[in-house]
Amino acid sequence: MTLAVVRSIGTPRRLATAQEYEDFEQELVDQFLLAGVGAGMAEGSIADDRRAIFEYVRFLGRPVWTSGPEDADRFLADQRKVKRLAHSTVQSKAWTLAQFFDFLTARYQGDIHALTGHVLVQPIDESNRPAKSEYGTQRIPPAEAEVEQLFNGGRESLGSARKFLPAARDYMVASLWRRVGTRMTETLKLDIRDWRPDLGDFGKLHIRHGKGSRGRGGG
């Protein structure tokens, strides 16, 4: 994915033609995506943001700066009820739009008003912003007794497993997630040498590829 160099939109003028309106809208999107590049976002994430924004623009059918909360209501309802997209997908698109309009408000609200006469508003507000992908569905963790029953049963079944080594591996991985809280990618990158039973009273596990290890050492 490549981004074109965009010209400055900091010089107020009045837009006159449909092409100027379209070009200005494209510049706003490009500036938002360029900011994402500067923030270190992955190319895939930037491409997803671009698709979400232009999908909303096409749904809106008019310049993006004229959008209001009622337009976002219709868009999100269409995503959920008509297109029947996954809750997490709709959530991601809503957050992208919220970030985009926060960006426009912070950097270009004055220019947008000077060029178009519109006062920019945030269409994703507290009333329509998805808080999480479950849309309010409460997640109740299992009781401690249920967790013990699960792991005791898994441990007892190892002796009769058709393939002992894969079963033992899976049990060990699940135990790490339960007791240490490692992420999936952190667990996959562990090596037998990362387990140090000679350190401390209970031994130590060296998580070399932990999420928080950027410049701060391993876990």
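(A) Structural view of the nonpolar core. With 29 residues, the main nonpolar core has Phe100, Leu104 and Ile112 as its most contacted residues. Within the residue set of this core, elements represented by two or more residues are α1 (18–38), α2 (43–60), α3 (69–82) and α4 (87–116). Per element, the largest residue contribution to this core is eleven residues, and it comes from α4.

(B) Structural view of the pattern of salt bridges. In this structure the tally under the stated criterion is eight salt bridges. In this structure, Lys93 engages Glu55 in a salt bridge whose closest nitrogen and oxygen atoms are separated by 2.8 Å. Linking Lys93 in helix α4 with Glu55 in helix α2, this pair joins segments that are 38 residues apart in sequence. Between Asp198 and Arg196 there is a salt bridge, with its nearest N and O atoms 2.7 Å apart. Here the residues in one salt-bridge network are Glu55, Lys83 and Lys93, joined through shared partners.

(C) View of the packing of aromatic side chains. Inspection of every chain in the model, using the stated rule, returns ten aromatic pairs. Ring geometry for Phe59 against Phe75: centres 5.4 Å apart, planes inclined by 70°, an arrangement best described as edge-to-face. In this pair, Phe59 sits in helix α2 while Phe75 sits in helix α3, placing the two residues 16 residues apart along the sequence. Since its relative accessible area comes to 1%, Phe75 is described here as buried. Grouped by ring-pair contacts, the aromatic residues Phe32, Tyr56, Phe59, Phe75, Phe100, Phe101, Phe103 and Tyr108 constitute a single cluster.

(D) The arrangement of the confidence of the model for the protein chain in detail. Of all residues in the protein chain, 85% have pLDDT values of 70 or greater, and the mean over the chain is 84. In the model of the protein chain, helix α7 (residues 184–188) stands out as the element of lowest mean pLDDT, 80, in contrast to α3, which has the highest, 96. Predicted confidence is poor over residues 213–219, with pLDDT under 50, and the contacts of this stretch with residues over four places away or in other chains come to eight contacts.

(E) Molecular detail of α1. In a regular helix each residue adds 1.5 Å, so 21 residues correspond to 30 Å; α1 covers 30 Å between its end C-alpha atoms and thus fits that length. Within α1, burial applies to Phe24, Glu25, Glu27, Leu28, Val29, Asp30, Gln31, Phe32, Leu33 and Gly36. On its buried side, α1 packs onto α2 and α4. One or two steps after α1, the chain reaches Gly40, where phi turns positive at roughly 90°.

So, how was this worked out
Residues numbered from 1 in each chain as written. Predicted model: local features only at pLDDT ≥ 70, side-chain atom pairs only at ≥ 80, totals over all residues. Heavy atoms only, no water. Core = buried A, V, L, I, M, F, W, Y, C linked by side-chain atoms within 4.5 Å. Buried < 20%, exposed > 50% of the residue type's maximum accessible area, 1.4 Å probe, protein only. Helix = DSSP H or I, 4+ residues; strand = E, 2+ residues; numbered from the N terminus. Salt bridge = Lys/Arg side-chain N within 4 Å of Asp/Glu carboxyl O. Phe/Tyr/Trp six-rings, centres within 6.5 Å; stacked < 30°, edge-to-face > 60°. pLDDT = per-residue confidence, 0-100. Contact = heavy atoms within 4.5 Å. Expected span 1.5 Å × (residues − 1).

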